[in-house]
Structure formats: C-alpha cells, structure tokens
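Listed below are the residues making up each chain.
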Amino acid sequence: MEINFIPIDYDYFDFNGRNYAKIIGRDEKGREVCLIDECDVYFWAILHEGVNDKKIMKIREKIEKIVVEKEARTSRVLKTEVHDKNYLGKKVKAIKIFVTNFKDSHAIADEIDFKEINKRREYDLGFITKYVLERKLKPLIWHKIEGEILNNNEFGGIVNSLDVDLCLRAEKINELEKQLEFKPRILAYDVETDDFEIGKGQIVMISLVGENFKKVLSFKKNSKKTYVEMFKDEEEMIKGFIKHVKKYSPDILVGYFSDGFDLPYLRARAEKNGFKLNLGLDNSQPVFSRGAMLTGKIRGIVHIDLLKFIKTAYSQYLTSETLSLNDVASELLGEKKLDFEFKHSSKLNPDEWEKYFEYNLQDSVLTYKLSEKAWPDLMEFSKVMQEPLFDISRDGMSSNVENYLIHNLSRFNEIIEKRPLADEIGERRMRERYEGAFVFQPKPGLYENICFFDFTSYWPSIIVTFNLSKSSFLGSEKEKNTLEIDIGKKKVYFSKEPEFFSEMLKEIIEKRKQYKKEYAKNPNPFTKARSNAFKLLANASYGYQGFFGARYYCPEASAATTAISRDFTKKTIELINKRDYEVIYSDTDSIAFKLNKHSKKEALELLEEINKNLPGIMELDLEDFYKRGIWVTKRTGEFGAKKKYALIDEKEKLKIRGFETVRRDWCDLSRETQNKVLQDILKDGNEKKALTYVKEVIKKLKERKIPLNELIIRTQLKKPIEEYKAEGPHVTIAKKMKEQKMPIDIGMLIEYFISEPEKHQKTKNGKAKGPIRERARLPEEKGEYDVEYYLKNQILPAVENIFEVFNVSAKELVDGKKQMRLGDF
DNA sequence: GGTCCTGCGTTACC
DNA sequence: ACCGGTAACGCAGGACC
C-alpha cells in the first residue's frame, strides 16, 4: 500500500526488547494514520589516535559480547562497524555500536571503558531525534510511504487499541517533491474551577472551541445558551469532555497555561472521582513530566500550551506588559477576555452564571484564534528544527539552536557532542562572567539631525567571520596561523579552518536573508514565519555558546565575540568622528551621531566606505535618520545615563528607550506624564508646553483629582515570598494577599499604591518615616494615596532629568519659586 | 534620628 | 535552569555620627 503522509505526533514503544517508532499523522484525504517503523539504534566509541587495526578488532570483539540486564530486559550489542568520522572538526576513527534497545545505550556505553577509547558519544540522544535522523521522516513534511497495513494483534495488540483510520508498517519513506497543503484540526479548551490549587476544588465548567465548534460543558446550572451542555455531575462532565475531544479528533489540543493548570486539574479531578482521563488515542492518560515545569503529553494528540510557545517565539516582539491571555490576545488579535469577577460557584446568581459561561467560552475562543495565528510559526519551527510540535512548542531558544545543529551535523560527518552532566553544569555555572558589549557614555542634551547606523546580526556575523566556536577553539596555546584574541584576563586562540558551527550559522544568516526577500516578494504568514525562525536562530547562536547547558558550550568563543565587537565598534566611532560627524551614543551594535554640516547622502557614502573595509560577512547598515533626540543625566552623578534616550523620526514617530515611560514598574501617571513631556519636547524642541503640562498634573495630584488607578504600582513577584532577603513593598503586599487567601503565584504582577503615613509613621515634623512597604496598600484597600510620595518618588523623578537639559530645575516645576527645595511644596 | 553607602531586586537595552 | 552581558534606579538595611 502507498499513501501520502504528514507526520504530526511522534511516540515510541518497546516490543520484544526492541524500539519502534509510532507516528500519528494524516493522509491527503484527512484520514488519521498511524505509522509503525523502526531504525538502527547505535552510538559511537571514538578511538584514540594511532590505535592499530588489530587492536581495534580485539576491542570490537569485546564490545560485541556486551550484554546488559535491566528492568527485566536484556540488551545486547548487535554488531559493530568502524568509520572515519569527524568529532569537533577533527578526523577520528570511531566504532559504531549497534544495540537492541536505545534505553540501554548508556548502560552499554558504561561497559566500554577500554583505554584505547577516547570518548563515547550519541548515547544521550532521544529516540525520536535518532529516528528522524536515521529515517528522515521529518515532522510536518509530506512523505510518500510504502508499507503494509496492520490490522491484527501485531505488536502485542498495541496497534489494535489505537483509535485511528489506518495503521501502516512503513517500508519505504520518501519526501514528496511537491508538498501538499496541510491545515491541522485544532481544538482549544479551558476549564473554570472553584479553587486555584490543582485538584482542590471542583471543575465548574469546561469550554471547547474548534472549527465551527463551540461548547461549554457544565453540571451545576442550566442555560438557555445552545452551546451549553448539561451533565449530571463533575464526573459525567469530564467524561463528556473526553468524548467530545475524541469525536472532534483534533491533531492539536491547545490551552493557555494548560501544562500548569487545565490539564493537571482535569487529571487530578478524574483521579479524585476514581476514573481515568483516557484522552490518548490508545486510551492512555496524559503523562506529566516531572521537573521544574510540568508538561502534559497526550498520546496521539499534540497537547500545546500556547503560553510557552509565545514566551520563546513572540515575547521579544510583544509590547504587552504581561503574557496573560488577555494582554496577548488584545495585542495580537485586538480582542479581550470578557469581564468577570471570580466567585465560588456556590455564590453565583443566575445572571452571573450566564456571564460565567460566556467568559469561559471566550477564553477558548481567544486560545483558538491565537493558535491559528501561531500555527505558521509552530509549523516552521518544527520543520526547521526537525523536532516534533510537542517539543518545539515548549523548547527555549537554546534547544532550538541545538536541535538545528544536531539535525544538520550529518552533512559534516560529525559525531554529536554529549550533553553536559549535572556536575559539569554546576562547574559551568560557577564560571566568571566574561566582558560583554561596549556602551558609549553619552553627553546629556537635546540633539538635532541624528543618524543611526547598526551592524546587521553583529555577533553572529563575528562568529562566522572569525570562526569562533568550540570546534575551532585551541585553548591558550599559541600555534602558527591561528587567530589570537585578547579577552581581558588572557589570550585565546582559534583555528582559521572553517568548521561546522560557523558554516551552519552562515547558512542560517543566508537563509534568513533569502526568506526575507521571498517574503517581501510574496508576503504570506509561512514565508514570514520561516524568515523569522532563522532570524531567531541567528540571534540565539551567540547566547547558546555561553549557555551552561549547551552541548557546544564555549565561553571563550563568546568572550572573543564580544571582544571583537567592542574593537570594531570603537574603531568605527573613531572613524565617524574623524570625518567631522559627532558620535553621541553607541550600544553594542549601534552608533548614533550628529550629521553636523553633512548631508544624508554623505552619511550614506561614509557607510559605504566603512563597509568596504569590514571583513567577512560583517556589515554596517543604516538604521534611520532622526529629527531630534534627547539624552539625560543619571539620577546620581552628572554623567549621561546609558540605555536611556528618546528619538523622533521625520514622520514624527517616537522611539523611547529605557525611560520610565517604558518601564512597567512605574505608575501610569508618571509614565504618561513623562511620555507627554518627551513628545512635546521632541516635536518642536520647546520645553515650555511640557512644563505647563507637568505643572497641571502636579496641581491635579495635590488636589487629589487623579484617580487611584493611575497611581497603582505593579511589580512582579519573581520568587517564593520566603526567599526574599530584602522585603520590598510588592513582597509585603503578596504576603497580605496570601493571608487573605488570594491566589499568589510566582510571576504574578503585584499591584499596590502608597498610602498616607499614619500617626506612628511620621516624624515630629510630620514627615513620613520608616520603610515604604509599611504604607503599601492593595488597590481595593481603604486609605488615601500619599500625595507627597507620588510627587517625590513618581512624578518628579520621571521628569526632572528631562527638564534639566533645558536648565529648568525641579524646584521651579513644583511652584516656580527658585529658592524652594525639591521636597518642599 | 538623620545621612550615607551598599546590596537586593526589578526591569530595561541590545 | 532551560540564550549572554550591561545598566539604571528604587528600596531596605546597616554603619556611622
């Protein structure tokens, strides 16, 4: 039998001690297909240099006799072969050791401790990764499969228990030259519960949204809404949920924070009610991986927690201040969650019940729409990294870089480096920090006619141009014809021979350029997503080499990369100044300068001149021209503050960096006031209007005409309350919330305002004393906001450095009297 | 009780 | 723990007078 097949979910099982891949996907008619396949399972023993053939034969004989007994399973070596391979770019002889079961690779590798063996590698790869490498059945790519239909009790009945349309034993696998269309069946879900702690309260309702499919399942309250389905009790409702999922037969079941809440909650309630949450295509329950972060896996259905993917793939592009469903949906979809104030279900009136149903449904609607929006990125990530959707939807960028490397190393005949072990990770984490980017000390002031240059993919371009990686790193010993880099404390050396890391990174950068062009020519979500995947890979490659968990960890390469970048940036600044421009700022890969008497055209000619002299793939680019820009002093000291400036371009568009305006831990009033001030000043360079505006705000504040919601301060709780050495206001509030049984989670934004000091919180002269946290109040708590605090700690700090540029002091701001001091008003 | 300094903590920039 | 270093700045908390 022959079918066209697109693999979606990858799994494996053991039968008679051997490993089999079990892949769920679709054929072109949309039928759900299960493919059973197997592949060679092996790892490598790399020989020391100069071991003779006779010795190798002896070692092979010994290896071939290895038998390991483990968990009622006997694993053995099937055969060995000798190959010429590369390891970290160097030619090596290696013994390829084929074993019966990949799970015992490690145990068998442990038995191979002969002195002729230098390293053992690739016993730490996951089976699915190995399988994709060996059989080249790549995720979300259409393949032509030749195979035999399985329908009886083959493989001990595993096949028979599967709820699929067709089950095939794969024989031949070939990628289709012309790829077909594929649109996954996606089902979004969301649960509402009576308690926030997993499994503690009942699940009140469950919503499900798919294509032309909307349901809210409940057992507590009837509704006239047609999408609400009633059940007798919680157990029946959850069983109804399972039935709907099975009937809809989704490729992807998607939730928002569902790894951490919805799925474990469903599982816990099923357990409490004494039945199985048999969502899997083989009727298995979801499997939760242990570890810091839970992940819920359902066999045969790809369970995706969209929050995790949004974190790695989108958060750098999002301006929303949290990654809550509401914030993300309103930014990406322009749609919000419905308003609903949480109440225990026993306290809801009929009206509130109806609202609750709508609210619950809307959460799934948003999750569904977000998943449709994210689908091109999910698909391209999976295709580029060649790992299943389940994994890439949860992986961080370091894993993505590593997976890309792993799946492309065979082109270099490379044996894959091992993952660091726990003690090695510990050591790596202890290492000293290396020096990073150069940041120019700006002179405070208002500048006109500014030009910004930036280096395109600066660090990646340096890694490629200078060949900086673990496999080119030669240590601290000087050799002939090597690259010497001074990284501060010592000199390090790199080979000039091209090697796989920089070669691959070069490809990544080229592909990014190519797909970017393709997207410009033919804009569609998939070309955009592909271009973006390569962009993110290139950007993460530098961080990867300095990341303690990386297989190809090389902090010396990272240190050399930043050392070279500092050098080029400083040299370029010198050159620009020498040409009678004036550099006013620079951070990492960007340089800002005044055009002075030069024209824009001349600046572009200068750019060309600089580019002619840049080596390799390094490239300086025009970022933009700006009409005006402002740099301010640091709050302490008279120097210009780094990473804090505001620009306005020729279309009057503001670009604000680092200012309180863009910091979420300042109250809205100070952020908005500062924003207005920057706008007024940059638009026509006139500070008078801004001054009037600020005075108006101060007046309103003093008269208490500013509503409390503009004075709420939001700070994220970053760790468990007990772990704080210094208790800031947000920690005090978090404690208070916990006492009031409000849900407290790490990562939450804690909201509070500062209230007026009570009698015991004042000094004799009536000034506030003691820690500020003691005056922090929950937004709904009683008490007046403290005008003095907001003036001194929120409004003035946000604007005084800006006015200082115009020689307007903070004293004048408050009431115009010159002799008054900052705090007196 | 006030001032100064240092370290913690958060959030930004690139 | 889940990519790196650089930097600003509020607040807590202790030293010092």
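Because the structure is predicted, anything quoted here is derived from the model rather than measured.

Conventions and cut-offs
- Residues numbered from 1 in each chain as written.
- Chains lettered and ligands numbered in written order.
- Predicted model: local features only at pLDDT ≥ 70, side-chain atom pairs only at ≥ 80, totals over all residues.
- Heavy atoms only, no water.
- Near = heavy atom within 4 Å.
- Polar contact = N/O pair within 3.5 Å; in protein donor to acceptor, adjacent residues only side chain to side chain.
- Helix = DSSP H or I, 4+ residues; strand = E, 2+ residues; numbered from the N terminus.
- Core = buried A, V, L, I, M, F, W, Y, C linked by side-chain atoms within 4.5 Å.
- Buried < 20%, exposed > 50% of the residue type's maximum accessible area, 1.4 Å probe, protein only.
- Contact = heavy atoms within 4.5 Å.
- Pairing = 2+ DSSP bridges.
- Axes fitted to C-alpha atoms, helices over the stretch in contact; angles between N-to-C directions.
- pLDDT = per-residue confidence, 0-100.
- Parallel < 35°, antiparallel > 145°, perpendicular 65-115°, else oblique.
- Left-handed = near helix turned anticlockwise from the far one by under 90°.
- Nonpolar A, V, L, I, M, F, W, Y, C, P; charged D, E, K, R; others polar.
- Salt bridge = Lys/Arg side-chain N within 4 Å of Asp/Glu carboxyl O.
- Expected span 1.5 Å × (residues − 1).

Participant: Which residues make up the protein's contact with DNA strand C, and what values go with them?
Facilitator: Looking at DNA strand C, there are 31 residues lining it, with Arg 433, Arg 635, Lys 644, Tyr 789 and Asn 793 nearest. Between DNA strand C and Arg 635, the relevant distance is 2.6 Å, taken from a phosphate oxygen to a side-chain nitrogen or oxygen of the residue. In this structure, a phosphate oxygen belonging to DNA strand C sits 2.8 Å away from a side-chain N or O atom of Lys 642. Of all the secondary-structure elements, those providing two or more residues to the surface near DNA strand C are helix H10 (397-406), helix H14 (525-546), strand S26 (640-649) and helix H20 (787-804). In terms of residue count, H14 provides more of the surface near DNA strand C than any other element does, four residues in total.

Participant: Just give me the short version of the nonpolar core, but keep the residues and values in it.
Facilitator: Counting 125 residues, the largest nonpolar core has Phe 381, Leu 389, Leu 468, Ile 485, Leu 537, Ile 576 and Phe 593 as its most contacted members. The element best represented in this core is helix H8 (residues 350-385), accounting for 16 residues. Apart from residues lying up to four places away in sequence, Ile 485 is in contact with Lys 490, Lys 491, Val 492, Phe 494, Ala 560, Ala 563 and Ile 564. Judged by nonpolar contacts, the second largest core, of 49 residues, contains Leu 678, Val 731, Ile 754 and Leu 791.

Participant: Explain the sheet that holds strand S20 (residues 473-475) to me, and be specific about the residues and the numbers.
Facilitator: With antiparallel pairing, three strands are arranged side by side in an open sheet as S20-S22-S21. The two strands at the open ends of the sheet, each matched to only one other strand, are S20 and strand S21 (482-486). Each strand of the sheet is rotated relative to its neighbour by a mean of 35 degrees, with strand direction disregarded.

Participant: So what's going on with the confidence of the model for chain A? Residues and values would help.
Facilitator: Averaged over every residue, the pLDDT of chain A is 93; residues scoring 70 or more account for 99%. Segment residues 817-825: pLDDT under 50, and 18 contacts once partners within four positions in sequence are set aside and those in other chains are kept.

Participant: Describe the protein's contact with DNA strand B, with residues and values.
Facilitator: If you check the shell around DNA strand B, you find 21 residues, and the closest are Asp 589, Tyr 645, Gln 716, Tyr 724 and Lys 725. If you look at DNA strand B and keep only atoms within 4 Å of the protein, 93% of those are sugar or phosphate atoms. Take Gly 658: an N or O atom from its main chain is 3.0 Å from a phosphate oxygen of DNA strand B. Within the contact set of DNA strand B, a base oxygen lies 3.1 Å away from a side-chain nitrogen or oxygen of Arg 663. Looking at the surface near DNA strand B, the elements with two or more residues in it are S26, strand S27 (654-657) and strand S28 (713-716).

Participant: Tell me what's going on with the packing of H8 against H14, and back it up with residues and numbers.
Facilitator: Any two packed helices are characterised by how steeply their axes cross, that is the angle between the axes, and by the distance between the axes. Where H8 meets H14, the closest approach of the two axes is 8 Å, and the angle between their N-to-C directions is 55 degrees. By the angle between their axes, H8 is oblique relative to H14. The element H8 and its partner H14 pack so that their crossing is right-handed. Mapping the contact onto sequence places Trp 375, Pro 376, Asp 377, Met 379, Glu 380, Phe 381, Lys 383, Val 384 and Met 385 in H8 and Pro 525, Phe 526, Ala 529, Arg 530, Asn 532, Ala 533, Phe 534, Leu 536 and Leu 537 in H14. Class assignment for the residues of the contact of H8 with H14 results in 13 nonpolar, one polar and four charged.

Participant: An account of the pattern of salt bridges is requested, with residue identities and associated values reported.
Facilitator: Under the criterion given, the structure shown has 67 salt bridges. The partner of Lys 594 in a salt bridge is Glu 582, with the nearest N and O atoms 3.3 Å apart. Of this pair, Lys 594 sits in strand S24 (residues 590-594) while Glu 582 sits in strand S23 (residues 582-587), and the two are 12 residues apart along the sequence. A salt bridge links Glu 623 to Lys 655; the nearest nitrogen and oxygen atoms lie 3.0 Å apart. Note that Glu 623 is positioned in strand S25 (residues 620-633) and Lys 655 in strand S27, a separation of 32 residues in sequence. Overlapping salt bridges, with partners in common, bring together Asp 11, Lys 22, Asp 282 and Arg 299 in one network.

Participant: How would you summarise unusual backbone geometry if you had to cite specific residues and measurements?
Facilitator: In this model, Asn 449 sits at a positive phi of 50 degrees, which is unusual for a non-glycine residue. Among the secondary structure elements, Asn 449 is positioned in strand S19 (residues 445-455). Overall, Asn 449 belongs to the partly exposed group, its relative accessible area being 43%. Its identity is not glycine, yet Asn 596 carries a phi of approximately 55 degrees, on the positive side. Residue placement: Asn 596 occurs in the loop between S24 and helix H16 (600-612). Classification of Asn 596 as partly exposed rests on a relative accessible area of 39%.

Participant: Residue-level account of the pairing of strand S15 (residues 252-255), with values.
Facilitator: Residue alternation in S15 divides its side chains into two sets, Ile 252 and Val 254 and Leu 253 and Gly 255, and both sets are buried. Where strand S11 (residues 186-193) meets S15, three bridges bridge the pair, whose relative direction is parallel. When the bridges of S15 are listed, Ile 186 appears paired with Ile 252.

Participant: Break down helix H17 (residues 668-684) for me, citing the residues and quoting the values.
Facilitator: The α-helix winds at 3.6 residues per turn, so residues separated by three or four positions along the chain end up facing the same way. For H17, spanning 17 residues, the distance from its first C-alpha to its last is 25 Å, which sits close to the expected 24 Å at 1.5 Å a residue. Turning to H17, its buried residues number three or more, namely Leu 669, Ser 670, Arg 671, Thr 673, Gln 674, Val 677, Leu 678, Asp 680, Ile 681 and Leu 682. Those residues of H17 hidden inside the fold are in contact with S19, S25, S26, S27, helix H18 (687-702) and H20. Note on H17: the residue one or two positions beyond its end, Gly 685, has a positive phi of about 65 degrees.

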